[in-house]
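Coordinate inspection notes
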Amino acid sequence: MKSVSVVIIGAGPAGLLLGQLLQTSGIETLILEQRSPDYVLGRIRAGVLEQGTVSLMRQAGCAERMDKEGLVHHGTALMVKGQMHRIDFQDLTGSSVLVYGQTEVTRDLMAARAACGAPTIYEAEDVSFSGLDTENPIVRYRKDRMEHQIRCDFIAGCDGFHGVSRRSIPANVLKTYERVYPFGWLGLLSDTPPVDDELIYINDRRGFALCSMRSHSRSRYYLQCGLDEKIEDWSDERFWDALQERLPATHQARLVRGPSIEKSIAPLRSFVAEPMRYGQLFLAGDAAHIVPPTGAKGLNLAASDVYYLWQGLKEFYHHRQTEGLDGYAVKALARVWKAERFSWWMTTMLHQFPDQPVFETKIQQAELAYLFSSRAAMTALAENYVGLPY
Ligand code: RFL
Ligand code: PHB
């Protein structure tokens, strides 16, 4: 039977980043991905990178294009009741974020992996595990109707929310915590110049909206929508009209419309699975936790998990020490819960909740009024947004 040090399940940003960091540390990996590369690259998701994520891309040797094309953002705007409030990251925290799309992060990581010759099996079906609680678990999968088995030391479950890894942890071990929000985000990508130089988070009585971007010529916009909305009912024109209504008067005339390149609806959820380790299986990224996208934390949390796991595996292979791996779940979860709190808070503060009791609406208004009146409160938002330390 073939064997490899670490089998990584999933070639999303978590799996690919972990793969590259381990390769640079001389640790051999195999990635199994159930989809094709084009499918993986077709998913339009995150757009904002914390400095920690940027630094990991550099350590993985995948930063050349990101450093050239990424847009440094020193602040963001929040618009409430027609008034714009700028949160100045630079002034409040001395830090900034980088706008560089998840698609590009994934593309760069895929290219680096191909260049170093490390193996990725795409369209690997029916991945399953045995012996997770032994020293050498076995991973099985099917490719082109052939069954394969691989023996390994460790499995990194980087296969997202719907993957097989979390589901392989016995039910009596796994605890999950969840909040489902009564709305989703309808996203549209278009090759039009963004409406502003920075992102704008809009709390409007018709619903939340977000103006984001991928570059100076590519915009990404989101609208809060009902969970029963169908994408077919949203023509580009209907989307642009609804967005325009939610924009501040100063920006309505600046909005440049164009055909959508992509349009999709995503439900919003908060979710955490504990523990993030079972035997030799380690969960990382969306496989273990989901945040609503309002704080731009999902991809960045996947990156911090990967950092802790990389450190633990390096200690194991270079020094035969297991403290890092033994402490992985606790360390990762401490940061995860803080990002869960921040994402829940941003979501709760900025969206319209159907049938919300008046009391909650009043609290929401007070929360926003306090935020904009207090440098301490704005600093708390800024330091969470740019990313808490690892
Ligand atoms: P992914 O990206 O879901 O990748 C998992 C991979 O595993 C594969 N897979 C399997 N492979 C083999 N066998 C199986 N049985 C498998 N099952 C699944 C899948 O095909 C896939 O390729 O998880 P990963 O790597 O943990 O990365 C997480 C991020 O993708 C996610 O957290 C972010 O996209 C969330 N997110 C955002 N995060 C940010 O940090 N900043 C943002 O601005 C931001 N905006 C967003 C977002 C997510 C969004 N959506 C659509 C959920 C905006 C949106 C709209
Ligand atoms: C995005 O550009 O896709 C994006 C940006 C910020 C968020 C969520 C999504 O909070």
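The structure we're discussing is the one just above.
Residues numbered from 1 in each chain as written. Chains lettered and ligands numbered in written order. Predicted model: local features only at pLDDT ≥ 70, side-chain atom pairs only at ≥ 80, totals over all residues. Heavy atoms only, no water.

**Description of helix H3 (residues 51–59)**
Regarding H3, the residues found buried are Thr 53, Val 54, Leu 56 and Met 57. Each buried residue of H3 sits inside an arc of 160° when the element is viewed along its axis, so together they form one side. The inward-facing, buried residues of H3 abut helix H1 (13–24), strand S3 (48–49), helix H4 (64–69), strand S7 (97–99), helix H6 (102–116) and helix H9 (298–319). Positive phi appears at Gly 61, one or two residues downstream of H3, with a value of about 75°. (Buried < 20%, exposed > 50% of the residue type's maximum accessible area, 1.4 Å probe, protein only. Helix = DSSP H or I, 4+ residues; strand = E, 2+ residues; numbered from the N terminus. Arc of directions from axis to C-beta. Contact = heavy atoms within 4.5 Å.)

**Side note on the environment of Trp 310**
Mapped onto the elements, Trp 310 comes out in helix H9. By relative accessible area, Trp 310 is classed as buried at 5%. As for Trp 310 and Leu 22, which are separated by 288 residues in sequence, their C-alpha atoms are 6.6 Å apart. Leave out the neighbours within four places in its chain, and Trp 310 touches Leu 18, Leu 21, Leu 22, Ser 25, Leu 56 and Gln 59.

**Thoughts on the site of ligand 1**
Neighbouring ligand 1 are 32 residues; Glu 33, Arg 43, Gln 102, Asp 286 and Leu 299 lie closest to it. Interatomic distance of 2.6 Å between a side-chain N/O atom of Glu 33 and an oxygen atom of ligand 1. For ligand 1, a nitrogen atom lies 3.2 Å from a polar atom in the backbone of Gln 34. Those elements that place two or more of their residues in the shell around ligand 1 are H1 and H9. Residues of the shell around ligand 1, tallied by class, amount to 15 nonpolar, ten polar and seven charged. (Near = heavy atom within 4 Å. Polar contact = N/O pair within 3.5 Å; in protein donor to acceptor, adjacent residues only side chain to side chain. Nonpolar A, V, L, I, M, F, W, Y, C, P; charged D, E, K, R; others polar.)

**Some points on the site of ligand 2**
Inspection of the region around ligand 2 gives 14 residues, with Tyr 201, Ser 212, Arg 214, Tyr 222 and Pro 293 positioned closest. Interatomic distance of 3.4 Å between a backbone N/O atom of Thr 294 and an oxygen atom of ligand 2. The protein chains hide 97% of the 280 Å² of surface that ligand 2 would expose on its own. At the level of secondary structure, the elements contributing two or more residues to the shell around ligand 2 comprise strand S14 (209–215) and strand S15 (218–225). (Areas by Shrake-Rupley, 256 points an atom, 1.4 Å probe, with all protein chains shown as cover.)

Fair warning: the whole summary comes from geometry, so function is off the table for now.
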